[in-house]
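Examination of the molecular architecture
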Amino acid sequence: MPDSLPAGEATGAFNLQVTATAEGNTYQGLTLVGAQTLEGTATANSSVTGPGGLNLPIAVPLAIASTDISAISGPFDIVATGDTPSLTFSESNQGQVDIRVDRDLAMSLIARRGDGSPIDFGESWHDPDNADAFVVSCSMDDARMADEGKDNLLHRFTVTPAQSTTGPVLHTDPDTLDFGQVVTGLTGTQTLTLSNNGDATLVVSVISLAGSQAADFSDSHDCASVPVDGSCTVTVNFSPAATGVRSAMLSIASNDAENGNREISLLGEGVVQSSPAIDLGGQILLDFGQVQAGNSATRELVISNTGSAALTISKLAVSGAADFSLDKSCSTIAAGDSCSATLGFTPTAAGAFNATLILQSNDPVTPTLNLYLQGKGTATPTPSLSLSPANLAFAEVEVGKSSQKTLLLANTGNADLQIDSVTLAGSGSTAYALAADCSLIVAGQTCPVQVSFTPLTAQSYNAHINVDSNAGNSPSAVVTLSGKGVPLATPALAVSPLSLDLGQSQVGSTAKEVVTLSNTGTAVLSVSASLDGTDSNTFAFSGDCSAVAPGSDCLLTVSFSPVSIGMKKASLVLQSNDPDNVSISLALSAEGTPQPQPEIKVLPLSLVFDALPLGSTAEQTVNVSNNGDGPLALTAITMQGEAYNHSSDCPPSLPAGQSCTITVTFAADASGDYPGTLTITSDDADQPDLSIDLQGSVVPVPVPVLVMDPQTLSFAPTLVGDAVSRSVTLSNGGSAALSLDSITLDASADFSLSHDCGSGLVPSAQCTVTVVFRPASPGGHTGLLTLESSDLMPSQRAIPLSGNGQAMPAPHLSINPGRLEFGPVGLGNTQTTELAIFNDGNVSLDVSSALSGDNAFSRLDGDDCQPLLPGRQCSVALSFRPAHPGTLSASLAVTAESLDKPMAVALSGQAVPAGGNGATPVGQGSGGSVGLAGLVLLGLLAGGRNKRTR
């Protein structure tokens, strides 16, 4: 524990150890009752006293660990340990504080035998909270403590004033930042000092701005960590975005326990500075556009003063091309007023011209302003004619037909183009014609002239077009024309063959042939086709010959699909634009023949699977034949019956004269009759669904079954060298002969085997297997009786064997103590004690005892020694009540029927006159007594007087 402790601070828990010393007679008493270990609990009472009226009782619970006392022969220590509670003292307790322990210690002890069972010392000694424990008290050895210069003071320490701490403390200077008036667009700056007046480091986690006008303010700082008595600076800027009072809040978050969130008010006013402001209406470029060389164009420029003071223009001049001019100047413009100046552009030639109007003024923001001037001088406009194409060549055109082309007149100049005339000339001009309305073409525009060519005869025609205009480049322009007239083209139809025989076709089938249509003419041939005749519904055609080019062929496919037998005739009629063959008729002929039919044949029409052994599988086949003259469509093969399956090599379509096979498999998992049906579905009109009857039966398979009774062999406990036997009955509970392949033992020599089973058993027969158990040593013995047979469920069986060998009887007794001494005892008084008799042999004994000698000794009733089981003990109570003084003696003879001779215990006692120098009688009044457990407790009470605490 500490020598000093600040007020308000906890001591924490401390370990307390208390040692009580038990004298030698305590051990003797515990040994007498068979105690092997000692354990329990205790309570150490103490008090804490000090200034401020401090007087605090404390009870510390202690634990006494289990202690082995079997090897102790004299005094021994009983050690109890536990943790004290944690204590906290107030300011009023400052000064010297003492912790003292009480002189007495109460213990609750449990004495246990070697098997762990508790020893009962009588109800009067019970701990009321634990029936297994007895209560013992002990006190400090004052004489020993005095010799060692000690008392009951456990510890002394001093309570000192509480240690105070404030932590970090944030101080701001100033608490408000007022920026006053700041011109909009400019920035005002102020600083804020953060100081740490505490006794720990100040951590500033966040410095932020808040408020609807926080955007007008900004901050910067290096205040993440401020040491004790240190400071840092926060710089705040104010840049008003508008006029008027502006405000925000600067928030400072820190680890100051009392003021972790500090807010600083920010205030400022945005104002406008009185100054002129030049404004050209947003213009930075003045464009005069295109002006014809020698002509002039003017533009008005408005110069405005949007400021709050007079605008003085110190310079207003044009720099650059001399083609620009300024005819009015502005010198002073009042606030809110404006002035107009006229700028002129007079190009002296064609081309682009640029200049700059320079304005210099007292505008503080824009003291120099440049206005860029540009314009384009253009030449004197003239029209220009362009013809496209320069030549018009017409392809060959049939006599009497027309072809058109377009001639495009374009004005590529910069003035209006006047078209005076558009005329035809030349030897072949009679075959051409013009259509146009192009008297005036605006610059950049076009006008079409439609030219048509219509030859009157088959020859070449050459001519030209004359165009007269005011175009400066070509007042008279010519376009050549060429064309050729050719004879009128006609188509010519040729057909191959002119008649068509499609031969024989089965009803329901289709036959096809091709008819070739050729165009041997010079124009496109157009042909349409149709069918005619009484049997035209059995014929059809396909193909599109509506446009056959000269020299080309077109194919028509003619098909015949009879619905009945007999000769069929019709006509294929061709209509065309061939002037010489407007209509041509082709004769069509064919014959319808009967359709071949399939015929199904199946053998056999029934299958019988008779007396199939259970677990077996049988197969039979069904032959399917097509005896017709057409293919047989096998659409489905289905099976009904749970014991049947099928497979086949039959194709979906079985040709005429061919056959295939269906394999039927029969297998069932239980005996009985199994009917079924195999159904074949086909396109045989007479037998579309043909069924084959299936019959099958399954009979059981005879099997052997090995039955063992019993399933295990357990032998009763048997003396070493003796023998005992048990039998197992084996029987065949099956329907087939059971083969017994082997009957063996997998065990030690303690077991032996014999049987009358031979090599096997017929159904319902049985035999006997005898196993003899003859243990050669004490203890458990195990083994297996293994049988291998033709029973497959399973083929190998095992019967577990177990037996226990017992040693020969060996009776033996032990008596403790082997001698009893009483006294000194006053005449007329009684002293009582007990001795213990232990059966440490291996057989149960009926123990009896007889007393001989001086009649001052007597044997008390109540002992329970018949029978005394192995490993158990009983007690015999004896008393000594002398009637005359002197040393008296007797003998207790202990006998059992299996012992060779009785065991004798010598008794002696010292009798003294009543009231003499002998020991004080023990008990309650004359004739009182105390048992052996009471003597043990008396020993503990007498010996456990010393107590040491640390």
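Since this is a predicted model, take the numbers as computed values, not measurements. All residue numbers here refer to positions counted from 1 along the written sequence of the relevant chain. For this predicted model, a pLDDT threshold of at least 70 governs which residues receive local features, and a threshold of 80 or more governs which side-chain atom pairs are given and counted, while totals over whole chains, interfaces and linings are taken from all residues. Note that the side-chain values use all heavy atoms of the structure and ignore hydrogens as well as water.

**Things to note about the overall build of the chain**
Strands are runs of DSSP state E lasting at least two residues, helices are runs of H or I lasting at least four, and both sets are numbered from the N terminus onward. Scanning the chain for helices and strands turns up three helices and 73 strands. For the chain, whose C-alpha radius of gyration is 70 Å, the value lies well above the compact-globule estimate of 30 Å for 950 residues. With the principal axes as the frame, the chain shows a C-alpha extent of 195 × 125 × 35 Å. Only protein chains enter the accessibility calculation, which uses a 1.4 Å probe; a residue whose area is less than 20% of its type maximum is buried, one above 50% is exposed, and one in between is partly exposed. In the chain, buried positions account for 38% of the 950 residues. Sequence separation of 24 or more characterises 70% of the internal contacts of the chain that already satisfy a separation of 6 or more. All accessible-area figures derive from a Shrake-Rupley calculation using a 1.4 Å probe, and residue coverage is judged against the displayed protein chains alone. Working note: accessible area of the chain is about 47,800 Å², and carbon and sulfur atoms make up 49% of it. Only C-alpha atoms enter the radius of gyration, while the globule expectation follows 2.2 Å times N to the 0.38, with N the number of residues. What makes two residues a contact is simply this: any of their non-hydrogen atoms within 4.5 Å.

**Describing the sheet that holds strand β37 (residues 476-486)**
The criterion for strand pairing is that DSSP finds at least two bridges linking the strands in question. As summarised here, the arrangement of the five strands in space is β30-β37-β36-β32-β34, forming an open sheet in which the pairing is mixed. Lying at the two open borders of the sheet, with one neighbouring strand each, are β30 (391-398) and β34 (440-441). Pairing of strand β36 (residues 460-469) with β37, which is carried by nine bridges, proceeds in the antiparallel orientation. Following the sheet pairing, Ala463 is matched in β37 by Leu481.

**As for the pattern of salt bridges**
Salt bridges are defined by distance alone: a side-chain nitrogen of Lys or Arg within 4 Å of a carboxyl oxygen of Asp or Glu. Tallied over the entire structure, the rule returns eight salt bridges. With a shortest N-O distance of 3.2 Å, Arg112 and Glu39 are connected by a salt bridge. With Arg112 in strand β7 (residues 104-112) and Glu39 in strand β3 (residues 37-50), this pair connects stretches of sequence that are 73 residues apart. In this structure, Lys484 and Glu396 form a salt bridge, with 3.9 Å as the shortest nitrogen-oxygen distance. Residue Lys484 is located in strand β37, and its partner Glu396 is located in strand β30; the two are separated by 88 residues in the primary sequence.

**Quick look at the layout of surface pockets**
Using protein atoms alone on a 1 Å grid, points that fit a 1.4 Å probe yet trap it form a cavity, whereas open point sets bounded by protein on both sides within 12 Å along at least five of seven lines form a pocket; residues with an atom within 4 Å of a point count as lining. Grid points are joined across faces, edges and corners, and a volume is the space filled by probe spheres set on the points. In this model, the second largest pocket occupies a volume close to 350 Å³. For the second largest pocket, the lining is made up of 17 residues, of which Val33, Gly34, Arg113, Phe838 and Gln873 are closest to its centre. Three classes are used: nonpolar for Ala, Val, Leu, Ile, Met, Phe, Trp, Tyr, Cys and Pro, charged for Asp, Glu, Lys and Arg, and polar for all others, with Gly counted as polar. Taken together, the residues of the lining of the second largest pocket sort by class into five nonpolar, nine polar and three charged.

**Considering the state of the cysteines**
Two cysteine sulfurs form a disulfide in these notes if their separation is within 2.5 Å. Tallying each qualifying case throughout the model produces seven disulfides. Each disulfide pairs two cysteine sulfurs, and for Cys330 the partner residue is Cys339, the sulfurs being separated by 1.6 Å. The chirality of the disulfide connecting Cys330 with Cys339 is left-handed, given an S-S dihedral of about -75°. Note on accessibility: Cys330 and Cys339 belong to one class, buried. The residue that forms a disulfide with Cys438 is Cys447, at a sulfur-sulfur distance of 1.8 Å. Across the S-S bond of Cys438 and Cys447 the torsion is about -80°, and the bridge reads as left-handed. Exposure class is identical for Cys438 and Cys447. Each is buried.

**Describing unusual backbone geometry**
Here the residue pair Asp173 and Pro174 is connected by a cis peptide bond, since its omega of -5° sits within 30 degrees of zero. Inspection of the secondary structure assignment puts Pro174 in the loop between β11 (170-173) and β12 (176-183). Residue Asp709 is joined to Pro710 through a cis peptide bond whose omega torsion reads 0°. Relative to the elements of secondary structure, Pro710 occurs in the loop between β55 (706-709) and β56 (713-714).

**Comments concerning the packing of aromatic side chains**
Here a ring pair, both rings aromatic, is described through the centre-centre distance and the interplanar angle of the planes. Pairing of aromatic rings covers Phe, Tyr and Trp, the last counted by its six-membered ring, and requires centre-to-centre distances within 6.5 Å; plane angles under 30 degrees mean stacked, over 60 mean edge-to-face, and any other angle means tilted. Within the structure shown, the criterion is met by 23 aromatic pairs. Ring pairing ties together the aromatic residues Phe288, Phe324, Phe345 and Phe353, which thus form one cluster. Counting as a charge over the ring demands two things of the Lys NZ or Arg CZ atom: a distance within 6 Å of the ring centre and an angle within 35 degrees of the ring normal. Its guanidinium or amino end placed over the ring of Phe394, Lys405 lies 5.7 Å from that ring's centre, counting from NZ or CZ.

**As for the sheet that holds strand β39 (residues 499-506)**
Strand order in this open sheet of four strands is β39-β45-β44-β41, and the pairing throughout is mixed. Each edge of the sheet is formed by a strand with only one pairing partner; in this case those strands are β39 and β41 (527-532). Neighbour-to-neighbour, the strand axes of the sheet open up by a mean angle of 20°, direction not taken into account. Lines fitted to C-alpha atoms define the axes, with helix axes restricted to the stretch in contact, and inter-axis angles between N-to-C directions lie between 0 and 180 degrees.

**Examining the nonpolar core**
What is meant by a nonpolar core is a set of buried Ala, Val, Leu, Ile, Met, Phe, Trp, Tyr and Cys residues, joined one to another through side-chain atoms within 4.5 Å. Ranked by internal contacts, the top residues of the largest apolar core, which has 38 residues, are Phe89 and Met107. Contributions of two or more residues to this core are made by β2 (15-22), β3, β4 (54-68), β5 (76-83), β6 (95-101), β7, β9 (130-139) and β10 (153-160). Take this core: its biggest share by element is five residues, from β4. In this view, Met107 contacts Ala20, Thr41, Ala42, Ile64, Ile78, Phe134, Val135, Val136 and Cys138; residues no more than four positions away in its chain are not counted. Counting 27 residues, the second largest nonpolar core, distinct from the first, contains Val876, Phe880, Ala890 and Val894.

**Considering the environment of His221**
The topology assignment puts His221 in strand β15 (residues 217-221). For the pair His221 and Asp900, spaced 679 residues apart in the sequence, the C-alpha separation amounts to 110 Å. Among all residues touching His221, those that are not within four sequence positions of it are Ile207, Thr233 and Val234. Side-chain atoms alone can form a polar contact between residues adjacent in sequence; in general such a contact is a pair of N or O atoms within 3.5 Å, and within protein one must be able to donate a hydrogen while the other accepts it. A polar atom in the side chain of His221 sits 3.1 Å from the backbone nitrogen of Cys223.

**Let's talk about the pairing of β36**
Residues Tyr461, Ala463, Ile465, Val467 and Ser469 of β36 are buried on one face, while the alternating residues Ser460, Asn462, His464, Asn466 and Asp468, pointing to the opposite face, are not. In this structure, strand β32 (residues 417-425) lies alongside β36, joined through six bridges in antiparallel fashion. Among the inter-strand pairings, Ile419 is bridged to a residue of β36, identified as Ser469. Between β36 and the antiparallel strand that follows it, β37, lie six residues.

**Points about the side chain of Ser384**
Mapped onto the secondary structure, Ser384 falls in the loop between β28 (368-378) and β29 (385-388). With relative accessibility at 15%, the residue Ser384 sits in the buried group.

**Considering the environment of Asn829**
Its place among the elements puts Asn829 in the loop between β66 (819-826) and β67 (831-839). Given a relative accessible area of 19%, Asn829 falls into the buried group. Put simply, Asn829 and Ala883 are 54 residues apart on the chain and 8.8 Å apart in space, counted from C-alpha to C-alpha.

**A look at the pairing of strand β19 (residues 261-271)**
Sheet topology note: the β12/β19 ladder contains six bridges and is parallel. By the bridge assignment for β19, Val182 is matched with Gly270.

**Observations concerning the environment of Ser552**
The topology assignment puts Ser552 in the loop between β42 (539-542) and β43 (553-560). In this structure the C-alpha to C-alpha distance between Ser552 and Gly521, which are 31 residues apart in sequence, comes to 9.6 Å. Setting aside chain neighbours within four positions, we find Ser552 in contact with Leu517, Ser518 and Asn519.

**Here we look at a nonpolar patch on the surface**
A surface patch of nonpolar side chains, amounting to about 320 Å² of accessible area, comprises Leu614, Val701, Val703, Val705 and Val707. Its location among the elements puts Val705 in the loop between β54 (689-699) and β55. With relative accessibility at 31%, the residue Val705 sits in the partly exposed group. In this scheme, patches are assembled from residues that exceed 30% relative accessible area and form no salt bridge. Like charges are connected within 9 Å, while nonpolar side chains (Val, Leu, Ile, Met, Phe, Trp, Tyr) are connected within 5 Å.

**Overview of the side chain of Ser469**
In this structure, Ser469 sits in strand β36. Of the residues examined, Ser469 reaches a relative accessible area of 7% and is grouped as buried. Within the local environment of Ser469, its side chain forms a polar contact with the backbone nitrogen of Ala471, the two atoms lying 3.2 Å apart. In this structure Ser469 touches Leu385, Leu417, Gln418, Ile419, Asp420, Ser474 and Pro475, once residues within four positions along its chain are discounted.

**Points about the confidence of the model for the chain**
Note: pLDDT gives the predictor's confidence per residue, expressed from 0 to 100. Per-residue pLDDT for the chain averages 87, and the proportion of residues at 70 or more is 95%. Within the chain, helix α3 (residues 932-943) has the poorest average pLDDT of any element, 41, and strand β52 (residues 659-666) the best, 96. Within the model, the stretch residues 916-950 combines pLDDT values under 50 with 89 contacts to residues more than four positions away or in other chains.

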